[in-house]
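# Observations on chain architecture
Chain by chain, the residues run as shown.
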Amino acid sequence: MSKKQCHSAAITTLRTFPERRNFSSVQDGTVLFIRCLLFSVFLCTSCASVGKHYKNIDRDVKDGNFETAFNKLKEEAPSAYSKNDILLFQLDAGMLAHYAEKYEDSKDYLTEAERSIENLQAKSISLTAASYLSNDTVTEYSGEDYEDVYINIFNALNYYFLGSTEDALVEIRRIDEKLKFLTIKYGTGITAAQEALLDNGVSVPYDSDTASVNFSNSALARYLGMLFYRAQGLYDDARIDRDQIRLAFANQPEVYKFRIPSSVDEELEIPRGKARLNVIGFTGLSPEKEAEEIRIPITYGADAQIRWIKFSLPVLVEKPDVVSAVKVIFDNGKEFQLEVIEKMGDVAAETIKQNEALTYFKTILRATSKTTASIIFNEASQMQSDGNMGLIFSLLSLGTQLYADLSEQADLRISHYFPATAWVGGITLEPGLYSYSVVYYSASGKPIHEDRFENILIKPEGLNLSESICIK
């Protein structure tokens, strides 16, 4: 149901209520209360956004029709994205434009997305009143940290393909700044949420290891930095980034569970007069979120009665990446393998930890507050000598508990079109024109996709970088 339909339904339903201010009896008020409650249930269950527009677009993406997918996304944007989801549109549009090789459009959308994240950052970390009253979906989507980091990866590629290696390097340097800030970003918000829980008499264990982020160095960003520095003849800087690739693998085993691509050691050892072709490939799609419902008991009253608190948390779920191997095959018979340099889905899972911890504390505090209100009304109903007033308080207790259950919806918003895996490789060649294919294989060794590159000039100077996409 669209927002306009929800609004119309609200007006229509309200008009069916009796147009009078004084009820002849408590029963009339009770009937009105129940009707209002049922209407609230209707709105809570009918007006949720489920991202239906993705189904149509995903078919084109999987078929490699990226320009069609990009155009469809723009056409459906007014009805598919709410005013709180502007960042989601910017991220989705920016990535589809990149895949469609509309690098100027992609740069513009991703730059807007980065500005949106910067503007929304303070709101995201603070304990906003609106999200405490109902759930996080009522606030503007402010992005996940891995989205913020990968904006710069793809903008660096955008700038390279637009002919500006210097601007590409600026984007890479911004990643380093963001990763340094990431480890301390949520400290204040998490502490404030914990204090609020303690003030409400709720004791929640805190696992600092679970909430800590073990990601401060991106091998993919360092790899691109190495190539861009090499292209500008800045070999000392290129060597620093090459060594940082090694450190990223050595210091972050939770993220890099595979070997360093063998071609990394060859990138700064190009014989004089020879040319180097580098190929980067992206496969799969980044994780999505699903709701996990949890109930915890709390006791209240002198006789230690039990009331269950229900809350809903978002959990990351990986999407399958069917690509198991990637090979670059030249028409003259030469070939080389691409190797994984970054599992971007693993980076997403690692960088989202602190935000998950903050969401967990906020959700428990919000759900506890709602359930506490229901308990107060229930206890008030038991203390009433007037039967009618007792009935009203009982209904209020039931209503607030029902509202607490229905309004606790996990925020499942997340961008849809970042890839899951980055592959890289390179080969040293004689300068000249080359035609080649990037072929993707399933686990059974069956070719599942091929990108064709015709008559590409491989020059001895600068950077010769080809990009290939396979999303199945």
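All figures in this text were calculated on a predicted structure; none of them were measured in a lab. (Residues numbered from 1 in each chain as written. Predicted model: local features only at pLDDT ≥ 70, side-chain atom pairs only at ≥ 80, totals over all residues. Heavy atoms only, no water.)

### A look at the confidence of the model for the chain
With 66% of its residues at a pLDDT of 70 or more, the chain shows a mean pLDDT of 80. Segment residues 1-50: pLDDT under 50, and 36 contacts once partners within four positions in sequence are set aside and those in other chains are kept. A low-confidence stretch, residues 126-134 stays under pLDDT 50, and its non-local contacts, those more than four residues away or across chains, total 29 contacts. (pLDDT = per-residue confidence, 0-100. Contact = heavy atoms within 4.5 Å.)

### A closer look at the packing of helix H8 (residues 145-161) against helix H14 (residues 344-351)
In the contact formed by H8 and H14, the axes pass within 8 Å of each other and the chain directions differ by 140 degrees. When the axis of H8 is compared with that of H14, the two are oblique. Contacts between H8 and H14 involve Asp145, Tyr146, Tyr150 and Phe154 from the first element and Met344, Val347, Ala348 and Thr351 from the second. Residue composition of the contact of H8 with H14, grouped by class: six nonpolar, one polar and one charged. (Axes fitted to C-alpha atoms, helices over the stretch in contact; angles between N-to-C directions. Helix = DSSP H or I, 4+ residues; strand = E, 2+ residues; numbered from the N terminus. Parallel < 35°, antiparallel > 145°, perpendicular 65-115°, else oblique. Nonpolar A, V, L, I, M, F, W, Y, C, P; charged D, E, K, R; others polar.)

### Let's talk about the nonpolar core
Core analysis: the largest hydrophobic core is formed by 75 residues, its most contacted members being Leu96, Tyr150, Phe154, Leu220, Phe228, Phe282 and Tyr417. The element best represented in this core is H8, accounting for 10 residues. Not counting chain neighbours up to four residues away, the residues in contact with tyrosine 150 comprise Leu220, Glu342, Met344, Val347 and Phe418. In this structure, Val326, Leu338, Val438 and Tyr440 belong to the second largest nonpolar core, which totals 20 residues. (Core = buried A, V, L, I, M, F, W, Y, C linked by side-chain atoms within 4.5 Å. Buried < 20%, exposed > 50% of the residue type's maximum accessible area, 1.4 Å probe, protein only.)

### Notes on the sheet that holds strand S4 (residues 325-330)
By definition, the strands of a sheet pair up through backbone hydrogen bonds, in either a parallel or an antiparallel sense. Read across the sheet, seven strands follow the order S8-S7-S4-S5-S6-S1-S9 without closing on themselves; strand pairing throughout is mixed. In this open sheet, the two strands that pair with only one neighbour each are strand S8 (447-458) and strand S9 (464-470). Put simply, the sheet's adjacent strands are angled 25 degrees from each other on average, direction ignored. Two elements, strand S1 (residues 275-283) and S9, share seven bridges in a ladder whose sense is parallel. Of the residues in S9, the one forming a bridge with valine 279 is serine 466. Relative to the sheet, helix H12 (residues 219-231) contacts S1, strand S5 (335-343), strand S6 (421-429) and S9, its axis offset from that of S1 by approximately 155 degrees. Taken strand by strand, H14 contacts S1, S5 and S6, and its axis lies near 10 degrees from that of S5. (Pairing = 2+ DSSP bridges.)

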